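# Chains, contacts and geometry: an overview
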Amino acid sequence: MVIQITSSTDPGSTEAERSILTAMLRGARHLCPACGRGRLFARYLKVADTCPSCATELHHHRADDAPPYFTILVVGHLVVAGILSVEMALSPQPWVQALIWLPITLVLSLTLLPRFKGALIGLQWALRMHGFGEEPDPSEATLSHAGPVDPSTRPS
Ligand SMILES: [Zn+2]
């Protein structure tokens, strides 16, 4: 079975189709959503301005606070379920629970945060959000700077 989820702002457009699933998986693996080869992050959570492999501009992303939101959502459900399960099964001392779950919470959060951020950037790139779909078109640039119409030439 092949899952094909693609995005195009204009069905008749000649622009290349962008697979949402592929872009999100590439982003989650810390890779450029466009080529899948270049590194998406320059540092831990700092997104590279451009892809070092294909030169795609990556600075357009607006991940904002969505990655921490999804990280808290997932880690919170896993850790709370784990704490309750261990409590029901073994009823250990509270310090034992803390010893088990604090490191797991820290490692899970630090691992998932850049993966969610990468996947969201991949989604934004695939949907051509926030300037990811803009291609400089010189003919459009001259039309947009034509200025107001002279009132004396208008038909009355
Ligand atoms: Zn790339």
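Attention in this report is confined to the structure presented alongside it. (Residues numbered from 1 in each chain as written. Predicted model: local features only at pLDDT ≥ 70, side-chain atom pairs only at ≥ 80, totals over all residues.)

Here we take up the packing of helix H2 (residues 66-90) against helix H3 (residues 94-126). Orientation of H2 relative to H3, taken along the N-to-C sense of each, is 150°, at an axis distance of 8 Å. With respect to H3, the axis of H2 lies roughly antiparallel. Every pair of crossing elements has a handedness; the one defined by H2 and H3 is right-handed. Within the contact between the two elements, H2 uses Ala-66, Pro-67, Pro-68, Phe-70, Thr-71, Val-74, Val-75, Leu-78, Val-79, Gly-82, Ile-83 and Val-86 and H3 uses Gln-97, Ile-100, Trp-101, Ile-104, Thr-105, Leu-108, Ser-109, Leu-112, Leu-113, Phe-116, Lys-117 and Leu-120. Its residues assigned to classes, the contact of H2 with H3 shows 18 nonpolar, five polar and one charged. (Axes fitted to C-alpha atoms, helices over the stretch in contact; angles between N-to-C directions. Helix = DSSP H or I, 4+ residues; strand = E, 2+ residues; numbered from the N terminus. Parallel < 35°, antiparallel > 145°, perpendicular 65-115°, else oblique. Left-handed = near helix turned anticlockwise from the far one by under 90°. Contact = placed C-beta atoms within 7 Å. Nonpolar A, V, L, I, M, F, W, Y, C, P; charged D, E, K, R; others polar.)

The next subject is the environment of Ile-121. Examined against the element boundaries, Ile-121 turns out to sit in helix H3. In this structure the C-alpha to C-alpha distance between Ile-121 and Ala-63, which are 58 residues apart in sequence, comes to 6.4 Å. When residues no more than four places from it in sequence are discounted, the contact partners of Ile-121 are Gly-27, Pro-33, Leu-40, Val-47, His-61 and Ala-63.

With 19 residues, the main nonpolar core has Cys-32, Ala-119, Leu-123 and Trp-125 as its most contacted residues. Taken together, the elements giving at least two residues each to this core come down to helix H1 (20-28) and H3. Of the residues forming this core, the biggest block, eight residues, is contributed by H3. Discounting residues that sit within four places of it in the chain, Ala-119 has contacts with Met-24, Gly-27 and Ala-28. (Core = buried A, V, L, I, M, F, W, Y, C linked by C-beta atoms within 7 Å. Buried ≥ 20, exposed ≤ 12 C-beta atoms within 10 Å, placed from the backbone.)

This paragraph deals with the environment of His-59. Inspection of the secondary structure assignment puts His-59 in the loop between H1 and H2. For His-59, a count of 11 C-beta atoms within 10 Å gives the class exposed. Here the alpha-carbon distance between His-59 and Asp-49, two residues ten residues apart in the chain, equals 4.7 Å. Not counting chain neighbours up to four residues away, the residues in contact with His-59 comprise Val-47 and Asp-49.

Position of Pro-33 relative to the elements: it lies in the loop between H1 and H2. Between the alpha carbons of Pro-33 and Gln-124 there is a distance of 9.5 Å; along the sequence they are 91 residues apart. What Pro-33 contacts, discounting residues up to four positions off in sequence, is Ala-23, Arg-26, Gly-27, Ile-121, Gly-122, Trp-125 and Ala-126.

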